[in-house]
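Overview (structure and organization)
Spelled out from the first residue to the last, the chains are:
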Amino acid sequence: MRDEQTGSWWQQVSGEAIQGPLKGRRLAGVVHDEVSFGIWKAEHPGGRVLKANPRQKDRYESADWEHRMKKVRTVTPVSKGDPFPPRTVVIGVSVNGRAKAYPFPRMREESPVLDTLGGVPLVLVVGDDQKSIRVFERTLDGRRLEFLAKAGAQPLRLLDAETGSEWDFRGRAISGPLAGGQLTKVKALKEYWFDWKIYQPATAVYDRGEAFR
Amino acid sequence: MEGSRSGRAGILGTWALAALVALGMFVWVAIPVVLIRPFEAQTPLGIALAYELRQKAPAVTLGGLVLLLPLLVRLARHVTRGWQWVPLVLLAALGGFPAWFARQNHFEWMFHPLSDPTYAPATLVQSVDDRDMVVAVEIGGDAVAWPVRQMGYHHIVQDKVGGVPVVSTY
């Protein structure tokens, strides 16, 4: 990206200026969601959605473009010790200077995944659509929680082992002793492995989660 | 007056000089295009070089034109045969194109950033399927979703969310 004011060049994934007068400066990241529209709409009925520009509508990416992208070659070096093929989709999380890549296919199988990164206990949850994922700090008022999926629940519900309260995909306790509690969302990037490891060369890789596995 | 022989050598020299200037201008603007291509690996050195060349390209190509134009005028005066206009026009194009290109942002041709985004209420949107992915943020109760299929075309959308200026990029 290039800014009009100084002409500096900005790295898309990190928000850092890599060339020009602002080199070395970094934009503050905003916690974002990457979820399917149905889930987002149900959670934010009063939200607003970017309108398709009528002049460019026909040139937007087709519904299967992610599938097509899988075949596009990658240009970064592939090292022998790599745990995944370059185009494996990973969930990249970075907390207190520690980065970790969670391979998305395994998150789908194992959700909710409990882990601790940079000293912060985390839970990764995959949505009902099997495409959306969110990462939360799994502490509430200083209390560490462990989650498991409520069997057969639709939409998905999590239970915490400590109180048996029920939690939804937004990280909100909807019933039980902790009802009304809200977990803090953690920045997570859905990324190809080859790209994540370039920007996070010291990244750890998810092996196995904690508890209830 | 020059003798015909030295005059002829002078004209040849002018041709060579004009070609060198025009070619130099072309190479100056072409190098960043080659160094920064989508789906090609980039190096810090390559990016630094491309940045410097692009920064200076408007001034360099202007200087190039100032040099080139009198040379072309001189050559035009000495055109003796019709076909000699062909290389002359080619040289003018070779120098003119970089002067124009140096003032373009060709990355925007590729990536179509959206500068004046418009929005629809979530419940009224027809063009987005429930299974389509969106990138979404919520700041101060203002919830905004950018459909990934649109972001894959525009790549950059900027706006204010809950009063905070944000740039969303994909």
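These numbers come from a predicted model, not from an experiment.

Domain annotation for chain B reports domain 1 (4-109) and domain 2 (122-169). When each unit is reduced to the centre of its C-alpha atoms, the spacing between domain 1 of chain B and domain 2 of chain B is 43 Å.

Right, let's get into the confidence of the model for chain A. On average, residues of chain A score 88 in pLDDT, and 86% of them reach the 70 mark or higher. Across chain A, element-level confidence peaks in strand β14 (residues 166-167) of chain A with a mean pLDDT of 98 and bottoms out in helix α2 (residues 65-69) of chain A with 65.

Here the focus is helix α3 (residues 85-101) of chain B. Residues and elements named next belong to chain B. The terminal C-alpha atoms of α3 lie 24 Å apart, and with 17 residues this matches the ideal 24 Å at 1.5 Å per residue to within 8%. Turning to α3, its buried residues number three or more, namely L91, G95 and P98. The arc enclosing the buried residues of α3, seen along the axis, measures out at 60°, which places them on a common side. Away from its buried face, by an angle of more than 90 degrees, α3 presents the exposed residues W85, V86, L90, A93 and W100.

Bringing the pairing of strand β2 (residues 133-139) of chain B into the picture now. Counting buried residues in β2(B) gives five out of seven residues, a clear majority hidden from the surface. Across four bridges, strand β3 (residues 33-36) of chain A lies against β2(B) in antiparallel orientation. Its bridge partner lying in β2(B), A:V35 is registered against B:V134. Strand direction decides the pairing type here: β2(B) and strand β3 (residues 142-147) of chain B, joined by six bridges, are antiparallel. By the bridge assignment for β3(B), B:V135 is matched with B:W146. Between β2(B) and β3(B), which pair antiparallel one after the other, the connecting turn spans two residues, and B:G140 there sits at a positive phi close to 55°.

Definitions and limits used
Along each chain, residues carry numbers from 1 onward, in the same order as the chain's sequence is written. The order in which chains are written sets their letters, starting at A; the order in which ligands are written sets their numbers, starting at 1. Predicted model: local features are reported for residues with pLDDT of at least 70 only, side-chain atom pairs are reported and counted for 80 or more only, and whole-chain, interface and lining totals are derived from all residues. All the domain ranges listed were derived from an automatic or database domain assignment. The pLDDT value tells you how sure the predictor is about a given residue, anywhere from 0 up to 100. The helix count covers DSSP runs of H or I at least four residues long, the strand count covers runs of E at least two residues long, and both are numbered beginning at the N terminus. Here the expected length of a helix is defined as 1.5 Å per residue gap, with one fewer gap than residues. With C-beta atoms placed from the backbone, the exposure class of a residue follows from how many other C-beta atoms lie within 10 Å of its own: 20 or more, buried; 12 or fewer, exposed; in between, partly exposed. The arc in question is formed by the directions pointing from the helix axis toward the C-beta atoms. Pairing between strands is defined by DSSP: at least two bridges between them are needed.

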